[in-house]
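One letter stands for each residue in the lines below.
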Amino acid sequence: MKPLLLSLCTTLCVLAAMAQSPAYLDENLDIEQRITDLMSRMTLEEKIGVLHAQSKFSSAGVPRLGVPELWCTDGPHGIRPEVKWDEWDQAGWTNDSVVAFPALTCLAATWSTDMALLYGRSIGEEARYRKKDVLLGPGLNIYRTPLGGRNFEYMGEDPYLAGKLAVQYVRGVQSNGVATCVKHFCLNNQEWNRHGVSVHADDRALYEIYLPAFKMACLEGGSWALMASYNKIDGQHAGHNYRTLQEILKGEWGWPGAVVSDWGGTHNTDEAVSNGLDLEFGTGTNGLYGGSRNTYDAYHLALPFLDGIRSGRYTRQQLDDKVRRVLRLHMHTTLNRHKPLGSILSPEHYAAACQIGQEGIVLLKNEGNLLPLKAESTTKILVVGENAVKMMTVGGGSSSLKVQHEVTPLQGLHRRLDGRVACLTWDRGYVGDVSGSYNGVTTGQDLRENRPFSQLVSQAVSDARQADYIIYIGGLNKSYGQDCEGGDRKSYSLPYKQDSLITELAKINPNLIVVNISGNAVSMPWAKDVRAIIQCWYLGSEAGTALASVLLGDVNPSGKLPFTWPVALSDVPAHRLNAYTNGNEEYKESIFVGYRADRESGSKRKGQQPSPLFPFGHGLSYTTFAYSKPVLDKKTVTPSDSLTVSVDVTNTGTVAGKEVVQLYISDPESRLPRPLKELKGFRKITLAPSQTKTVSFTIGSDALSFFDPAIHSWVAEPGKFVAMVGSSSRDIRAKAEFVLTKPAENQ
Ligand code: BGC
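Conventions used here
- Residues numbered from 1 in each chain as written.
- Predicted model: local features only at pLDDT ≥ 70, side-chain atom pairs only at ≥ 80, totals over all residues.
- Heavy atoms only, no water.
- Near = heavy atom within 4 Å.
- Polar contact = N/O pair within 3.5 Å; in protein donor to acceptor, adjacent residues only side chain to side chain.
- Areas by Shrake-Rupley, 256 points an atom, 1.4 Å probe, with all protein chains shown as cover.
- Nonpolar A, V, L, I, M, F, W, Y, C, P; charged D, E, K, R; others polar.
- Pairing = 2+ DSSP bridges.
- Helix = DSSP H or I, 4+ residues; strand = E, 2+ residues; numbered from the N terminus.
- Contact = heavy atoms within 4.5 Å.
- Axes fitted to C-alpha atoms, helices over the stretch in contact; angles between N-to-C directions.
- Buried < 20%, exposed > 50% of the residue type's maximum accessible area, 1.4 Å probe, protein only.
- Salt bridge = Lys/Arg side-chain N within 4 Å of Asp/Glu carboxyl O.
- Domains from an automatic or database assignment.
- Buried area = accessible area lost by both parts, 1.4 Å probe.
- Expected span 1.5 Å × (residues − 1).
- Arc of directions from axis to C-beta.
- Phe/Tyr/Trp six-rings, centres within 6.5 Å; stacked < 30°, edge-to-face > 60°.
- Lys NZ or Arg CZ within 6 Å of the ring centre and 35° of its normal.
- Disulfide = S-S within 2.5 Å.
- pLDDT = per-residue confidence, 0-100.

## Section: the site of the ligand
Okay, so step 1: Around the ligand, the structure places 15 residues, and the nearest of them are Asp-74, Arg-150, His-184, Tyr-230 and Asp-262.
Okay, so step 2: Side-chain polar atom of Asp-74 to an oxygen atom of the ligand: 2.4 Å apart, as the coordinates give it.
Okay, so step 3: Take Arg-80: an N or O atom from its side chain is 3.2 Å from an oxygen atom of the ligand.
Okay, so step 4: If the ligand stood free it would expose 310 Å²; the protein chains cover 96% of that surface.
Okay, so step 5: In terms of residue class, the shell around the ligand is built from six nonpolar, two polar and seven charged.

## Quick word on the sheet that holds strand β4 (residues 179-185)
Okay, so step 1: Strand order in the open sheet made by the six strands is β1-β2-β3-β4-β6-β9, with mixed pairing throughout. Among the strands making up the open sheet, the edge pair consists of β1 (58-59) and β9 (258-260).
Okay, so step 2: As paired strands, β4 and strand β6 (residues 225-228) are joined by three bridges and run parallel to one another. Bridging from a neighbouring strand, Phe-185 pairs with Ala-228 of β6.
Okay, so step 3: Across the sheet, helix α8 (residues 212-220) lies against β4 and β6, angled at about 160 degrees from β4, the strand it touches most.
Okay, so step 4: Running at roughly 95 degrees to β9, helix α12 (residues 316-332) makes contact with β2 (70-74), β3 (134-136), β4, β6 and β9 of the sheet.

## Brief notes about the pairing of strand β24 (residues 678-687)
Okay, so step 1: For β24, the tally of buried residues reaches eight of ten residues, placing the bulk of the element in the interior.
Okay, so step 2: Here strand β23 (residues 657-666) runs beside β24; their pairing, made up of nine bridges, is antiparallel. Within β24, the residue paired with Gln-662 across the bridge is Phe-682.

## Concerning the pattern of salt bridges
Okay, so step 1: Counted according to the given criterion, the structure contains 46 salt bridges.
Okay, so step 2: For Glu-359, the salt bridge identified is with Lys-658, shortest N-O distance 2.6 Å. With a gap of 299 residues between them, Glu-359 in helix α13 (residues 347-360) and Lys-658 in strand β23 connect regions that are remote in the sequence.
Okay, so step 3: Between Asp-446 and Arg-448 there is a salt bridge whose closest N-O contact spans 2.8 Å.
Okay, so step 4: Among the residues examined, Asp-446 registers a relative accessible area of 53% and is labelled exposed.
Okay, so step 5: Residue classification places Arg-448 among the exposed residues on the basis of a relative accessible area of 64%.

## Examining the domain arrangement of the protein
Okay, so step 1: Segmenting the protein into domains produces domain 1 (42-332), domain 2 (361-551) and domain 3 (623-747).
Okay, so step 2: Distance from the C-alpha centre of domain 1 to the C-alpha centre of domain 2: 34 Å.
Okay, so step 3: In this complex, domain 1 contributes 37 residues to the contact, which on the side of domain 2 involves 32 residues.
Okay, so step 4: Taken together, both faces of the contact between domain 1 and domain 2 bury some 2,600 Å²; the carbon and sulfur share is 53%.
Okay, so step 5: Among the residues of domain 1 in contact with domain 2, Ala-100, Leu-147 and Phe-152 are the three that bury the most area, contributing 22% of the side total.
Okay, so step 6: Here domain 1 and domain 2 share three salt bridges between them.

## Description of helix α15 (residues 453-466)
Okay, so step 1: Taking 1.5 Å of rise per residue, the 14 residues of α15 would be expected to cover 20 Å, and the 21 Å separating its terminal C-alpha atoms lies within 8% of that figure.
Okay, so step 2: By the burial criterion, the buried members of α15 are Leu-456, Val-457, Ala-460, Val-461 and Ala-464. Buried positions in α15, seen along its axis, are confined to an arc of 130 degrees and lie on one side of it. Along α15, the residues that are exposed and aim more than 90 degrees away from the buried face are Ser-454, Arg-465 and Gln-466.

## Some points on the packing of aromatic side chains
Okay, so step 1: Considering all chains together, one arrives at 26 aromatic pairs under this definition.
Okay, so step 2: Ring centres 5.2 Å apart and planes at 50 degrees place the aromatic pair Trp-111 and Phe-616 in the tilted group. Note that Trp-111 is positioned in the loop between α4 (104-110) and α5 (113-129) and Phe-616 in the loop between β18 (584-586) and β19 (625-627), a separation of 505 residues in sequence.
Okay, so step 3: Taken together, the aromatic side chains of Trp-111, Tyr-160, Tyr-595, Phe-616, Tyr-664 and Phe-682 make up a single cluster linked through ring pairs.
Okay, so step 4: The ring centre of Tyr-587 lies 3.7 Å from the NZ or CZ of Arg-144, which sits over that ring.
Okay, so step 5: Positioned above the aromatic ring of Tyr-538, the side-chain terminus of Lys-478 is 4.9 Å from the ring centre.

## Description of unusual backbone geometry
Okay, so step 1: Omega for the peptide link from Gly-75 to Pro-76 comes to -10 degrees, which places this bond in the cis form.
Okay, so step 2: Here Pro-76 lies in the loop between β2 and α4.
Okay, so step 3: Cis geometry is adopted by the peptide bond preceding His-184, which originates at Lys-183 and carries an omega value of -5 degrees.
Okay, so step 4: Tracing the chain through its elements places His-184 in strand β4.
Okay, so step 5: Despite not being glycine, Lys-131 has its phi angle at roughly 60 degrees, a positive value.

## Looking at the state of the cysteines
Okay, so step 1: Scanning the model with the defined rule gives zero disulfides in all.
Okay, so step 2: Between Cys-536, a cysteine without a disulfide, and Cys-106, which holds the nearest cysteine sulfur, the sulfur-to-sulfur distance is 7.7 Å.
Okay, so step 3: A residue is classified by how much of its surface remains accessible, and Cys-536, at 2% relative accessible area, is buried.

## With respect to the confidence of the model for the protein
Okay, so step 1: Mean pLDDT for the protein: 94, with 94% of residues reaching 70 or above.
Okay, so step 2: Across the protein, the element-wise mean pLDDT spans from 51 in helix α1 (residues 3-19) up to 99 in β9.
Okay, so step 3: In the model, residues 13-18 has pLDDT below 50 throughout and makes zero contacts with residues more than four positions away in sequence or in other chains.

## Concerning the side chain of Ser-399
Okay, so step 1: By secondary structure assignment, the location of Ser-399 is in the loop between β11 (380-384) and α14 (409-417).
Okay, so step 2: Look past the residues within four positions of Ser-399 in its chain and what remains in contact with it is Gly-75, Pro-76, His-77, Phe-152 and Glu-153.

## A few points about the sheet that holds strand β10 (residues 362-366)
Okay, so step 1: Pairing is mixed in the open sheet, where six strands are placed in the order β10-β17-β16-β15-β11-β12. Two strands bound the open sheet, and with one partner strand each, they are β10 and β12 (423-427). Adjacent strand axes in the sheet meet at a mean angle of 15 degrees when their direction is disregarded.

## Structural notes on the environment of Thr-638
Okay, so step 1: Inspection of the secondary structure assignment puts Thr-638 in the loop between β21 (636-637) and β22 (643-651).
Okay, so step 2: In sequence terms Thr-638 and Lys-742 are 104 residues apart; their C-alpha atoms lie 6.8 Å from each other.

## Quick word on the environment of Ile-48
Okay, so step 1: On the secondary structure map, Ile-48 appears in helix α3 (residues 44-49).
Okay, so step 2: Looking at Ile-48, the relative accessible area reads 4%, which means it is buried.
Okay, so step 3: Along the sequence, Ile-48 and Val-323 sit 275 residues apart, while their C-alpha atoms lie 7.8 Å from each other.
Okay, so step 4: Beyond its immediate stretch of four places on either side in the chain, Ile-48 contacts Leu-301, Ala-302, Phe-305, Leu-306, Ile-309 and Leu-319.

In structure tokens form, the structure reads like this:
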């Protein structure tokens, strides 16, 4: 061939090769094919490189092949402010302020799958705009004790409620091309000694209570990532626990996603390699001063893994399984070229934060319809308590945020009432946490106070005499030892002598409304002396707006408790059985967590569960609802049938409102002990005055089953069942019986 022709051919070949993108970028191909192609191009070192952190919150991609870095962020209530590459310290950016959404306990209290989807979509948009690929949340650990320091980041005591809401949260976030990383898998129900405690739950408790929400989020929601917890499970750390990760999550469930360690939750290379961990974060923090083998290289899934493969200690299959899972995460996120752009600080996000807050606020008590407030030009309102003015988005651990703005409860009330009432004043009442800073982010508030408690009380009491209404706004906060990561509460009581202050106020003025801000139940020894009680969670940026709208009746409260509110700590099954011992934690109460511990008199199980102060599912409205008798589409079902339970619900009051209709199933006769009832359906509906809607629930035999450890399987035992429809777990309005037949009878 002539030299000129040869060079022309070569140029054309090169141009053709350049124009043809590699198969791993070809979106017409199946993801697994693309990953196979990508893996075939990666060196051993490049494969190891995607399995561990390269900074506090990122892992490397494959720079040579154009695979971008993978960036994670906390989670789960807003996008965390930027920290330095190698340290937890603030990076000092000035453009990383966000919208704070309500804490997840509030989302759970909405009992609304619509709100969960809105939440996920909105926070996912903020994550996407901030160029994050993985959002570290939602938190799905079951509320086992009201002392749990991280309960505010979780979704209550019921696996079905938490799971159904998590599914929508996950779908909402992931529609942005941002992965959720559901956490903390699993049995992470206490913070004290969280790295050392070894938890034992029997198989029924594990499968019926502690796993289902994760399973729903992973399989039904399709979460692309999951974070293992810090604690040990039966003596082995959860971050590389063979049983939970390898056998159950990846084996029994066949989940294809990537297991991410919690930050600093990896302790052993052999176990990390063999027991299901895929992506390691936070083991060492400083990549700068480690000499030639800096700390990122020293991660268990870095050089130790590489050396082990070279020496034959670990296999290529072990490596490739992890790499494939991590690359799936990349395919959905960093390599997804169709993901939306995201958005941040938008009016829509503020509106979402406000609406979720409004729907999650729970009206616990409202004697004589003290609420909504009748605000007239002569009305004098006194607000008492530190939480009325304290910003709550800063603090609490890794979920702490830097917000563009936060409306405190007092500001919310001022915005709504200024110019409309005779006066709105505030008294401090007590001094709680005045720090106002977390991890280098400060609220800018100066909450210092020199007056002694006695003086603050007498001031509040004397002002209370003049007021038409007293709105007490207290509760917990996000300082260490309260609703905060890394520690549990020391006591079930309200801190800072609030009980005595509330008691004094109740003596002076009967028009006392207590607003408790917390992520946990607290003891309320004064509950019978107070006419109105509101449970207000950490509501984020629009906290004050949401609270004021409910207090004034602009919004009719519709939140329901996602956990049982006990009178005393000794009423909590875990505490009553003295199981909360911190060292080796045996879940002696098994499946009887929260309302599942309720027993009928004459039950075979010993001990009558005391009545709670407020039951699971409880929440009042400014209107009332009537329920018809439920109608079943059949009285006899086979294991493969579905059953539809329908009920008519009518708004019998004078204002529009939302009701959460709850379906519980009871299995009165069973080979193994079962709870009196279990939540198997819920629906939030809106009703105008006098309006009636029919609510239908369709369930399958899974809703009738228990986990039988003897055969390691779910069992729906033939016999009688009862469908119970109600407004809370202890306010069952109507029941209907049906029979599950043996499979053979129908063949
Ligand atoms: C927490 C996680 C969090 C991670 C990263 C850990 O201490 O347990 O929930 O996502 O830090 O900040």
